[in-house]
Amino acid sequence: MLVAVATFSLMDAGLKILAGHYPPLQVAALRGASSLPFVLAWVAATTGLAPLLRVRWPLHLLRGAIGIGMMAAFAYSLQTLPLTTAYSIFFVAPLLITALSVPLLGEKVGPRRWTAIAIGLAGVLVLLRPSGDGLLSWAALAVLLAATGYAVSAITVRVLGRTDSTAAMMVWLLVLLAVGAGALAWPQWVPIRAADTWVILGVGIAGALGQYAITEAFRIGEASQIAPLEYTALVWGVLLDVSLWGVLPDAVTWLGAGIIIASGLYLLRRERLHIESEHL
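Residues numbered from 1 in each chain as written. Predicted model: local features only at pLDDT ≥ 70, side-chain atom pairs only at ≥ 80, totals over all residues. Heavy atoms only, no water.

- The name given to the protein in an unreviewed UniProt entry is DMT family transporter, and the organism recorded there is Novilysobacter erysipheiresistens.

1. Details of the packing of aromatic side chains
Here is step 1: Summed over all chains, the structure comprises six aromatic pairs.
Here is step 2: Look at Trp 57 and Trp 172: their rings are 4.9 Å apart centre to centre, the planes differ by 70 degrees, and that puts the pair in the edge-to-face class. Residue Trp 57 is found in helix α3 (residues 57-78), and its partner Trp 172 is found in helix α8 (residues 166-185); the two are separated by 115 residues along the sequence.
Here is step 3: Looking at Trp 57, the relative accessible area reads 36%, which means it is partly exposed.
Here is step 4: Under the relative-accessibility criterion, Trp 172 is labelled buried at 18%.
Here is step 5: Judged by centre distance (5.7 Å) and plane angle (65 degrees), the ring pair of Phe 74 and Phe 90 falls under edge-to-face. (Phe/Tyr/Trp six-rings, centres within 6.5 Å; stacked < 30°, edge-to-face > 60°. Helix = DSSP H or I, 4+ residues; strand = E, 2+ residues; numbered from the N terminus. Buried < 20%, exposed > 50% of the residue type's maximum accessible area, 1.4 Å probe, protein only.)

2. Overview of the side chain of Ser 101
Here is step 1: Inspection of the secondary structure puts Ser 101 in helix α5 (residues 93-105).
Here is step 2: Not counting the four nearest positions on each side in its chain, Ser 101 is found in contact with Gly 106, Glu 107, Val 109, Ile 155 and Arg 158. (Contact = heavy atoms within 4.5 Å.)

3. What about the packing of helix α2 (residues 24-46) against α8?
Here is step 1: As a packed pair, α2 and α8 sit with axes 7 Å apart at the nearest point and diverge in direction by 150 degrees. At the point where α2 passes α8, the crossing takes the left-handed sense.
Here is step 2: In terms of residue class, the contact of α2 with α8 is made up of 19 nonpolar, four polar and one charged. (Axes fitted to C-alpha atoms, helices over the stretch in contact; angles between N-to-C directions. Left-handed = near helix turned anticlockwise from the far one by under 90°. Nonpolar A, V, L, I, M, F, W, Y, C, P; charged D, E, K, R; others polar.)

4. Examining the confidence of the model for the protein
Here is step 1: Counting all residues, the mean pLDDT for the protein is 89, and 94% of those residues have values of 70 or more.
Here is step 2: For the protein, helix α10 (residues 223-226) is the element with the lowest average pLDDT, namely 72, and helix α1 (residues 2-19) is the one with the highest, namely 96. (pLDDT = per-residue confidence, 0-100.)

5. Describing α2
Here is step 1: With 23 residues, α2 extends 33 Å between its outermost C-alpha atoms, agreeing within 8% with the 33 Å of an ideal straight helix rising 1.5 Å per residue.
Here is step 2: Residues of α2 that are buried include every one of Gln 26, Val 27, Ala 28, Ala 29, Leu 30, Arg 31, Gly 32, Ser 34, Ser 35, Leu 36, Val 39 and Val 43, and no others.
Here is step 3: A positive backbone phi angle near 85 degrees is found at Gly 48, which sits one or two residues after α2. (Expected span 1.5 Å × (residues − 1).)

6. So, the UniProt feature "domain: EamA" (unreviewed entry) in the protein
Here is step 1: Under the UniProt annotation, the feature "domain: EamA" (unreviewed entry) is placed at residues 1-128 and 138-264.
Here is step 2: End C-alpha to end C-alpha, residues 1-128 measures 29 Å, and it is 79% helix and 0% strand. (UniProt positions renumbered as here; feature names shortened; annotations may be inferred.)

7. Concerning helix α9 (residues 197-220)
Here is step 1: Taking 1.5 Å per residue as the helical rise, α9 with its 24 residues ought to reach 34 Å, and the 35 Å between its terminal C-alpha atoms agrees with that figure.
Here is step 2: Within the sequence span of α9, burial applies to Val 199, Ile 200, Val 203, Gly 204, Ala 206, Gly 207, Ala 208, Gly 210, Ala 213, Ile 214, Thr 215 and Ala 217.

8. Some points on the nonpolar core
Here is step 1: Residues Leu 15, Leu 18, Phe 74, Leu 78, Phe 90 and Phe 91 are the most contacted members of the largest nonpolar core, which totals 66 residues.
Here is step 2: In this structure, Val 43, Val 55, Met 170 and Trp 172 belong to the second largest nonpolar core, which totals twelve residues. (Core = buried A, V, L, I, M, F, W, Y, C linked by side-chain atoms within 4.5 Å.)

Shown next, in the form of structure tokens:
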């Protein structure tokens, strides 16, 4: 999980570099196309390509559409927001997954977990403070949109996981990202600069390694124990912001991130206790 978070952070740094030169939809297309060959090679060497065709197409198409919107929104936000700020807002995703699991999956969420969700959303309001980079920032709202898309996508993964393989979910998301976002971006497509070839290659390798690492992490570990490690992305965000762009998060960003992370960790603890009580 630590490797997954580190490689995804490096991928996001590459996406931020690309977002400065290309439209958001084109960045989303490049994200999908750059990782696809590596993921396909891994799938071919392990499970083979045959299982990729036995899937529930409607849900994959829905997840692909959500993925395009999520990646384009995140790329748009990275044009102006530091990685640390984007990550801090994006950390609301686990809270949204828990909240959406009630209407979409029929799961029960108790008052303590609803309180944690409300506190986490208050942390988002702290981050979206009324200032030049706050409540009036379209970039910050784009991260919220991306986090919401991620939460809905995670719910579809829970449903798809009952019938479809992990390999199929990985491959078809990347295919739909590359093809769908590429088609939408084509009218305003910007020619790829030679200097960015290595950045795109790095995004592809980091994205594929991150996807493999996170898949293995959840396969061999308990979700409630490894999920908190996702918050180490904040450390990587700070390191990358300082080293590449010379930006440090301010005190309000740390406060908002702290509130959201604390709420997320409490939710994970309650989830674990809930699962343990069901097994008694």
